[in-house]
Amino acid sequence: GRATLKGTMSSQRMVDWTPIETKEFFFLPSDCLLASQITDVLRETGSALLSKGYNSLGGFIIQILSSSTSNNTVSSFVRHVIDLIPAFRDEGTYQLPDGEIMTVHFYKKAFLLANDIPFRFGLRGNMFNLKGLESLTVMADNVLPAVLRAKGVLELDDAASEEIAGGVLPMGDVLEIELRALSIEASEHIVSRVNQNLTKNGKNESFLTCAELDLWLWGILGK
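Residues numbered from 1 in each chain as written. Predicted model: local features only at pLDDT ≥ 70, side-chain atom pairs only at ≥ 80, totals over all residues. Heavy atoms only, no water.

Draft legend 1. Seen up close, unusual backbone geometry. Positive phi outside glycine occurs at Phe-27, with the angle close to 55°. In this fold, Phe-27 is placed in the loop between helix H2 (19–26) and helix H3 (33–51). Despite not being glycine, Tyr-107 shows a phi value in the positive range, around 55°. Within the element layout of this structure, Tyr-107 appears in the loop between strand S2 (101–105) and helix H6 (108–121). Note on Tyr-107: relative accessible area 7%, which makes it buried. (Helix = DSSP H or I, 4+ residues; strand = E, 2+ residues; numbered from the N terminus. Buried < 20%, exposed > 50% of the residue type's maximum accessible area, 1.4 Å probe, protein only.)

Draft legend 2. Representation of the pairing of S2 within the structure. Where strand S1 (residues 91–95) meets S2, 5 bridges bridge the pair, whose relative direction is antiparallel. Across the sheet, Tyr-94 pairs through a bridge with Met-102, a residue of S2. (Pairing = 2+ DSSP bridges.)

Draft legend 3. How the structure looks around the pattern of salt bridges. Per the counting criterion, the structure on display carries 5 salt bridges. With a shortest N-O distance of 3.4 Å, Asp-83 and Arg-79 are connected by a salt bridge. In this pair, Asp-83 and Arg-79 both sit in helix H5 (residues 74–84), 4 residues apart, roughly one turn of the helix. The exposure class of Arg-79 is partly exposed, given its relative accessible area of 43%. Between Arg-180 and Glu-176 there is a salt bridge whose closest N-O contact spans 3.3 Å. Separated by 4 residues within a single helix, Arg-180 and Glu-176 lie in helix H9 (residues 174–200), roughly one turn from each other. The class of Glu-176 is buried, set by a relative accessible area of 10%. What emerges from the salt-bridge pattern is a single network uniting Asp-90, Glu-176 and Arg-180. (Salt bridge = Lys/Arg side-chain N within 4 Å of Asp/Glu carboxyl O.)

Draft legend 4. Here's a closer look at the nonpolar core. In this structure, Phe-60, Leu-65, Val-74, Phe-77 and Val-78 are the most contacted members of the largest nonpolar core, which totals 32 residues. Sort the elements by how many residues they give to this core and H5 lands first, with 6 residues. Residue contacts for Phe-60: discarding those within four places in its chain leaves Leu-49, Tyr-54, His-80, Val-81, Leu-84 and Ile-85. (Core = buried A, V, L, I, M, F, W, Y, C linked by side-chain atoms within 4.5 Å. Contact = heavy atoms within 4.5 Å.)

Draft legend 5. Representation of the packing of helix H4 (residues 57–66) against H5. Two elements in contact, H4 and H5, have axes separated by 10 Å at closest approach and are oriented at 140°. Taken together, H4 and H5 sit at an angle that is classed as oblique. Once H4 is placed against H5, the crossing between them reads as right-handed. Across the interface between the two elements, Phe-60, Ile-61, Ile-64 and Leu-65 of H4 pack against Phe-77, His-80, Val-81 and Leu-84 of H5. Broken down by class, the residue content of the contact of H4 with H5 amounts to 7 nonpolar, 1 polar and no charged. (Axes fitted to C-alpha atoms, helices over the stretch in contact; angles between N-to-C directions. Parallel < 35°, antiparallel > 145°, perpendicular 65-115°, else oblique. Left-handed = near helix turned anticlockwise from the far one by under 90°. Nonpolar A, V, L, I, M, F, W, Y, C, P; charged D, E, K, R; others polar.)

Read these as geometric descriptors, not functional statements.
Here it is as structure tokens:
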């Protein structure tokens, strides 16, 4: 079975994290890419937190939420997180047809963290009830495009289909960025159509959010 973490996951504990611990706690072969990435992210995150005087990720989050400058909004929370912790900076560069280079921001992990906080800690105080959760997009990853494609929402040309059939798309690949962006756009349209129908049927109090759609698509259809 998996090992049990003893004590707290402090920033220093992250910095000192070893490949052996990744293998034990995440039940992964020590030589697989994911195991190496987990170890690197934990060490990098711990170093980032210590560089600003935070002894734990939890302490950092509490500081954000209790700060008078945050106003407990989702946008402010996400900005604080991605500014400090590299692992949350989920971005890619994309070249437009006219040659312009643009940065595409996804921030899947930061959005997930922001969405989870009120559900996990909301009953412990108002500062955990982030404002603006309804403004979050879906947390675009490799699963959502696959699900939406399987359901006929996303249609790909032959070249894109062949590239996907050739194996896992690397992070930052042009097609990977396009698919994630398209899954966000498609989900916005789905949520809009659902809410239009709810309004039409007099069920305004039950509006669907993109974050809720994400949980449904990933948790139910994505299995």
